[in-house]
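Commentary on secondary and tertiary structure
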Amino acid sequence: MRKPLENIKIFAERRARVAKALGDSVLICSSPEEYIRNGSVHFPFRQDSNLYYLTGFEEPESVFVFRPGKKPETVLFVRQKDETRETWDGFRFGPEAAQELFGLDAVYPVEEFDKQIVGLLKGADSLYYRQYKNREMDAKIERALQDLRVAQGRTGYGLLAVHDADEFLGEFRVIKGPAELENHRKACQLTSEAHLETMRFTRPGRTERELHGFFIYQIMKRGAAREGYGSIVAGGKNACTLHYVFNDEPLKEGELLLIDAAGEFNYFTSDITRTYPINGKFTDAQAEVYEGVLKIQKSIIDIVRPGVPFMDLHKMAAEQLTDLMLELGLFSGRRDDLIQTNKHRKYYPHGVGHYLGMDVHDAGLYMDKKTQEPRKIEAGMVFTVEPGLYIPANDTDAEAKYRGIGVRIEDNILVTNTGHENMTQACPKEVSDLEAAIGRGSSL
Ligand code: GLY
Ligand code: MN
Ligand code: MN
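Okay, so let's go over this structure. Since the model is a prediction, treat every value here as computed from it, not as a measurement.

**Describing the sheet that holds strand 18 (residues 411-415)**
The sheet built from three strands is open, its strands ordered 15-18-19 with antiparallel pairing. In this open sheet, the two edge strands, each paired with only one partner strand, are strand 15 (382-385) and strand 19 (420-422). Direction aside, the axes of adjacent strands within the sheet are offset by 30° on average. Alignment of strand 18 against strand 19, held across three bridges, turns out to be antiparallel. Among the inter-strand pairings, Ile-413 is bridged to a residue of strand 19, identified as Asn-422. In the packing of helix 8 (residues 178-201) onto the sheet, contacts are made with strand 15, strand 18 and strand 19, and the angle to strand 18 comes to roughly 155°.

Following this line, the structure appears as structure tokens:
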């Protein structure tokens, strides 16, 4: 018998916090549709972050209905036990064991969802549900809302109002408490170590793919369930393709490597980027760009504390990176004009960071919904700080020595009551630390 991944108390505590805000509304979250290729080959399944956040239940085809203050309050629909299917696809808890082991009020076979859902929605103030994640579930919910309206007879009541569950739960997920941070720290630690091992393994002649496979081995060896997102392993000018996906070229002498990769632990992911020379020694031009970006990244991290608008970090990155572009002679003119006309985006086309948690681009609002003002940083938030500079290989505006250099440095920052903690501090980024590690041989 498999067991829940974590102590189920964590999920009950989360539900208690969410219940207060939910009032008399009902919340539904369901598994994403399974991705099946060739009619039979299943791709690795990962539970929907919200469903996992509230239940700890990892199986596909599950639906969770949360009805605070009502009986039953926590209802989960799951796949039935099935000897044949379990021989092919592996263990299933089934309703009985799921109810007991996950501490839920009622657990039914998923086939009963259609029959039960109207009754479970009856008397609710509104429904929290995120559409367009699972089209089959969307159709079921749409039908349930219509059936519920009809079942109300001639009361004049309309359709139950539907609010976005992801936005609602995002405001809980954006602030990380001790249980979340334990997993998050572990993800950051194992990802930092995997990056260091990959640095030691790097040398000219190896390929991007070889390093990618090596990195995956390093995170999984340390307990990661999977990569937190599609890794980018980009040698030389490939680093200037922001979402480089091929990861299949040889690593060349004299070029840089940009690796943006992370492991996920108990549904929390890290998100680290490091850039370093494949042969272990920065050229002068590479060092100029690298040290420039590193200085900026550190100065942005330095100002992180509660009360600072997240937008200030974006602004600071744009300003300082544009100053660096001017120093490197990529542009002439005034910094503010370049930013105002968006010219700086030629070399820095992305934002400085994003919330991080169960999803790499994690849930949570960036603007205050009422005032439409940029949101201020709060204790318990985790986000990335990842400035970068990318000089295209064919950019005739740049001196030849800079062409094809792409640098991004990305760390994961936890906001504390008094400032911040860099959760990926253990991953080397100083020039001397990188040069001491690269190609020195991994301990595997
Ligand atoms: N790895 C995705 C990102 O940095 O946003
Ligand atoms: Mn990122
Ligand atoms: Mn990243």
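Additional details are given in the paragraphs that follow.
**Considerations on the site of ligand 1**
Every residue close to ligand 1 is listed here: Tyr-229, Asp-260, Asp-271, His-354, His-361, Glu-386 and Glu-410. Residue Asp-271 places a side-chain N or O atom 3.1 Å away from a nitrogen atom belonging to ligand 1. When ligand 1 sits alone it has 200 Å² of accessible area, and the protein chains cover 81% of it. For the shell around ligand 1, the per-class residue count stands at one nonpolar, two polar and four charged.

**Considering the pattern of salt bridges**
Following the criterion strictly, the structure yields 39 salt bridges and no others. Between Asp-411 and Lys-429 there is a salt bridge, and its shortest N-O distance comes to 2.8 Å. Within this pair, whereas Asp-411 is found in strand 18, its partner Lys-429 is found in the loop between strand 19 and helix 13 (431-437), the two being separated by 18 residues in sequence. In terms of burial, Asp-411 and Lys-429 fall into one category: buried.

Conventions we followed
Per chain, the residues get numbers from 1 upward, laid out in the order the sequence is written. Written order determines the labels here, with chains lettered from A and ligands numbered from 1. In view of the model being predicted, local features appear only for residues whose pLDDT reaches at least 70, and side-chain atom pairs are presented and counted only at 80 or more, with totals across whole chains, interfaces and linings using the full set of residues. Side-chain descriptors were evaluated using all non-hydrogen atoms of the structure, hydrogens and water having been removed beforehand. When DSSP finds two or more bridges between two strands, those strands count as paired. Numbering of helices and strands runs from the N terminus, with a helix taken as a DSSP run of H or I at least four residues long and a strand as a DSSP run of E at least two residues long. Between N-to-C directions, angles cover 0 to 180 degrees, with each direction set by a line fitted to C-alpha atoms, over the stretch in contact for helices. Any two residues whose heavy atoms approach within 4.5 Å are treated as being in contact. We call a residue near a given molecule or strand whenever any one of its heavy atoms falls within 4 Å of it. Any pair of N or O atoms that falls within 3.5 Å is considered a polar contact. Within protein, one atom must be able to donate a hydrogen and the other to accept it, and sequence-neighbouring residues count only if both atoms are side-chain atoms. In these tables, accessible area is a Shrake-Rupley quantity obtained with a 1.4 Å probe, and a residue counts as shielded only by the protein chains included in the view. Under the grouping applied here, Gly and all other residues not named as nonpolar or charged are polar, the nonpolar ones being Ala, Val, Leu, Ile, Met, Phe, Trp, Tyr, Cys and Pro and the charged ones Asp, Glu, Lys and Arg. The rule for a salt bridge is simple: a side-chain nitrogen of Lys or Arg has to be within 4 Å of a carboxyl oxygen of Asp or Glu. We call a residue buried when its accessible area falls under 20% of the maximum for its residue type, exposed when it is over 50%, and partly exposed in between, using a 1.4 Å probe and counting protein chains only.

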